[in-house]
Amino acid sequence: MNKSIFLLLILCLTGCKKASDKVYITGEIKGLGTDTIYMYGMDEGYDRVDSIFVKEDKFSYRFDIDTITSAFLLIKKEVEYPIFFDKGNHITIKGEADNLTTLSIDGNTYNQELTQFQKELQSLSPDSATTPEKKAEEFIRQHTSSYVSLYLLDKYFAQKDEPDFNKIKELMKPMTGILQDKSYVSELTERIELAERAKVGKYAPYFTLPNLKGEKISRTSEKFKDKNILAYFWASWGDSAANRRNNDEMKALYRTYRKNDYLALLGISLDMDKTEWESAVERDTLEWEQVRCAEGMASEVAKQYGIQQLPLNVLISPEGRIIAKDLHGDELKKQLEEAIDKAEKRSKERKKK
């Protein structure tokens, strides 16, 4: 073969391969004008943030990708919209700036599926018996190998203050290997397992943590013997309004029960910075026993108690079982009185024997 022809063939094959690895995005969102759309990964397959520049409502972008993955488009710095792509895809996006919750995205099956799902949601009447959750569940059950199913599972079922883990497990079980292999599924599975260990009725996970004096404190320490423990998980960096509300509630409870023989309060901080923790305890006058978990939200204590957000309280019986979680106001007071009454009766029965 002629040497020049051979080299030309090699260059052509190399160039064709590189082109086939690229994803092409073109779009028009009417009314968006001149702006910047940010694209960042939804999973481990796309671990960067890219900027897509919009001019006169239109935009185009090209990038390399190794395998099928998903990402979010952040539009107008306020609306997150999912997008799915694989190497060689030519993605087209159409929509209007005053209705960014329903874009029309094409280029592969997953984008088409989500576009159709969003259109069906938009068509639901306000008095319809079909909720977005029901539509999402229906889609997931019918599309056990679709990346869209993972997105809907996360949005409508996992991202709740109190997720229904039984429902989530039920929906995850029939998903095919392509989805089961995603890190999101393994992380969600671990989260469910940890949450189930700390469910009401289960034994509270054991811990030993230092208090302000450096003493090791656990739920079996002498000061907590034969008492219910209201453990309050918090951090100085948490939502300030929520911290204030919960601190006020805990202070009122402490004034009421500080001399009670069957209830004790315990603050468990997830502050990684010791100084900030000490300052917050002093500033907010948190007079009951305080301990700190230096590893923060990534700690075993946080994982074992299934903590997803702060602040959070957990009521633990003298026998070490979890009685209640995240109660407030009259509901919490009622539960505390019932727990105290039960512990007092048991104590009297033991003394009779």
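No experiment lies behind these values; they were computed from the predicted model shown. Every chain's residues receive numbers from 1 upward, in the order its sequence appears when written. Selection of residues for local features in this predicted model requires a pLDDT of at least 70, selection of side-chain atom pairs for listing and counting requires 80 or more, and totals for whole chains, interfaces and linings are taken over all residues. Excluded from the side-chain calculations are hydrogens and water; all other atoms, namely the structure's heavy atoms, are used.

## As for the packing of helix 2 (residues 109-123) against helix 4 (residues 147-158)
- It is the contact of helix 2 with helix 4, at a shortest axis distance of 9 Å, that shows an interaxial angle of 40°. With respect to their mutual orientation, helix 2 and helix 4 come out oblique. Counted together, Tyr 110, Glu 113, Leu 114, Phe 117 and Leu 121 of helix 2 and Tyr 147, Val 148, Tyr 151, Leu 152 and Tyr 156 of helix 4 form the full contact between these two elements.
- Across the contact of helix 2 with helix 4, the residue classes tally to 9 nonpolar, no polar and 1 charged. To define axes, lines are fitted to C-alpha atoms, for helices over the stretch in contact only, and angles between the resulting N-to-C directions are given on a 0 to 180 degree scale. In this text, helices come from DSSP runs of H or I with a minimum length of four residues, and strands from runs of E with a minimum of two, each type numbered from the N-terminal end. Reported orientations rely on four angle classes, namely roughly parallel under 35 degrees, roughly antiparallel over 145, roughly perpendicular from 65 to 115, and oblique for the rest. We call two residues in contact whenever any of their non-hydrogen atoms come within 4.5 Å of each other. In the scheme used here, Gly and all other residues not listed as nonpolar or charged are polar, with Ala, Val, Leu, Ile, Met, Phe, Trp, Tyr, Cys and Pro taken as nonpolar and Asp, Glu, Lys and Arg as charged.

## Describing the sheet that holds strand 12 (residues 263-269)
- Within the open sheet, the 5 strands sit side by side as 13-12-11-14-15. Their pairing is mixed. Sheet topology places strand 13 (289-292) and strand 15 (322-325) at the edges, where each strand pairs with a single neighbour. Each strand axis lies, on average, 25° off the axis of its neighbour in the sheet, ignoring direction.
- Being paired, for any two strands, means DSSP has found at least two bridges between them. Pairing of strand 14 (residues 312-316) with strand 15 involves 3 bridges; the strand directions are antiparallel. Within the sheet, the bridge partner assigned to Val 314 lies in strand 15 and is Lys 325.
- Here helix 9 (residues 274-283) sits on the sheet in contact with strand 11 (228-234), strand 12 and strand 13, set at roughly 165° to strand 13.

## So, the confidence of the model for the chain
- Every residue carries a pLDDT, the predictor's confidence in it, which falls somewhere between 0 and 100. Confidence in the prediction of the chain, expressed as mean pLDDT, is 88, and 93% of residues score 70 or more.
- Per-residue pLDDT stays below 50 along residues 5-17; that stretch engages in 1 contact with residues further than four places along the chain or on separate chains.

## Notes on helix 2
- With 15 residues, helix 2 should reach 21 Å at 1.5 Å per residue; the first-to-last C-alpha distance of 21 Å fits that figure.
- Type-normalised accessible area, obtained with a 1.4 Å probe on protein chains alone, sets the label of each residue: buried when under 20%, exposed when over 50%, and partly exposed for intermediate values. Along helix 2, the residues that are buried comprise Tyr 110, Asn 111, Glu 113, Leu 114, Thr 115, Phe 117, Gln 118 and Leu 121.
- In this structure, the buried side of helix 2 is in contact with strand 6 (79-85), strand 7 (90-96), strand 8 (104-106), helix 3 (132-142), helix 4 and helix 6 (177-180).
- Looking at where helix 2 begins, the residue whose side-chain oxygen comes 3.1 Å from the main-chain nitrogen of Tyr 110 is Asn 108. The span expected for a helix works out to 1.5 Å for each residue beyond the first. Whenever two N or O atoms come within 3.5 Å, that pair is a polar contact, provided that in protein one can donate a hydrogen and the other can accept it, and provided that, for residues adjacent in sequence, both atoms are side-chain atoms.

## Side note on the sheet that holds strand 4 (residues 58-64)
- If you walk across this open sheet you meet the 4 strands as 4-1-7-8, and the pairing is mixed. Here the strands that pair on one side only, and so sit at the sheet edges, are strand 4 and strand 8. Shown here is a sheet whose adjacent strand axes are inclined to one another by a mean of 10°, direction ignored.
- Where helix 2 meets the sheet, it contacts strand 7 and strand 8, and its direction lies at approximately 160° from that of strand 8.

## Overview of the packing of helix 5 (residues 165-172) against helix 7 (residues 183-197)
- At their nearest, the axes of helix 5 and helix 7 sit 11 Å apart, and the two run at 145° to each other. When you trace helix 5 past helix 7, the crossing you get is left-handed. Facing helix 5, whose interface residues are Phe 165, Asn 166, Ile 168, Lys 169 and Met 172, helix 7 presents Val 185, Leu 188, Thr 189, Arg 191, Ile 192, Ala 195 and Glu 196.
- Class assignment for the residues of the contact of helix 5 with helix 7 results in 7 nonpolar, 2 polar and 3 charged. Throughout, a crossing is termed right-handed when the near helix is turned clockwise from the far one, and left-handed when it is turned anticlockwise from it by less than a right angle.

## Some points on the side chain of Ser 146
- Structurally, the position occupied by Ser 146 is in the loop between helix 3 and helix 4.
- Taking relative accessible area as the criterion, Ser 146 reaches 3% and is therefore assigned buried.
- A polar side-chain atom of Ser 146 sits 3.1 Å from the main-chain amide nitrogen of Val 148.
- Contact partners of Ser 146, with chain neighbours within four places excluded, come to Tyr 110, Glu 113, Phe 139 and Leu 179.

## Structural notes on a negative patch on the surface
- In this analysis, a patch consists of residues with relative accessible area above 30% that form no salt bridge, clustered at 9 Å for like charges and at 5 Å for the nonpolar side chains Val, Leu, Ile, Met, Phe, Trp and Tyr. For accessible areas, the Shrake-Rupley method is used with a probe of radius 1.4 Å. Any residue's cover is judged against the shown protein chains and nothing else. Any carboxyl oxygen of Asp or Glu within 4 Å of a side-chain nitrogen of Lys or Arg constitutes a salt bridge here. Charged residues are defined here as Lys and Arg on the positive side and Asp and Glu on the negative side; His and the ends of the chain fall outside this count. Charged groups are reduced to one reference atom each: NZ for lysine, CZ for arginine, CG for aspartic acid, CD for glutamic acid. A surface patch of like charges, here negative, comprises Glu 187, Glu 190, Glu 193, Glu 295 and Glu 300.
- Looking at the negative patch, the element that brings in the most residues is helix 7, giving 3 residues.
- As for its placement among the helices and strands, Glu 190 is situated in helix 7.

## Quick notes on the packing of aromatic side chains
- Classification of ring pairs uses Phe, Tyr and Trp, with its six-membered ring standing for Trp, and accepts pairs whose centres are within 6.5 Å; under 30 degrees between planes counts as stacked, over 60 as edge-to-face, and the remaining range as tilted. According to the stated counting rule, one finds 11 aromatic pairs in the structure shown.
- Between Phe 117 and Phe 139 the ring centres are 5.9 Å apart and the planes differ by 70°, which places this aromatic pair in the edge-to-face class. Remark: Phe 139 occurs in helix 3 and Phe 117 occurs in helix 2; sequence separation between them is 22 residues. This pair shows no difference in class: Phe 117 is buried, exactly as Phe 139 is.
- In this structure an aromatic cluster arises from ring pairing among Tyr 40, Phe 72 and Tyr 151.
- Counting as a charge over the ring demands two things of the Lys NZ or Arg CZ atom: a distance within 6 Å of the ring centre and an angle within 35 degrees of the ring normal. When the ring centre of Tyr 203 is taken as origin, the NZ or CZ atom of Arg 321, which lies over that ring, is 4.0 Å away.

## With respect to helix 11 (residues 329-352)
- With 24 residues, helix 11 should reach 34 Å at 1.5 Å per residue; the first-to-last C-alpha distance of 35 Å fits that figure.
- Leu 332, Gln 335, Leu 336, Ala 339, Ile 340, Ala 343 and Ser 347 are the residues of helix 11 that are buried.
- In the core, the buried residues of helix 11 are packed alongside strand 11, helix 8 (240-257), strand 12, strand 14 and strand 15.

## Let's talk about the pattern of salt bridges
- Taken as a whole and judged by the stated rule, the model has 11 salt bridges.
- Asp 341 serves as the salt-bridge partner of Lys 345, at 3.3 Å between the closest nitrogen and oxygen. On the criterion of helical spacing, the pair formed by Lys 345 and Asp 341 is a turn pair, its members being 4 residues apart in helix 11.
- Taking relative accessible area as the criterion, Asp 341 reaches 36% and is therefore assigned partly exposed.
- A single salt-bridge network, built from bridges that share partners, covers Glu 137, Arg 141, Lys 167 and Glu 170.

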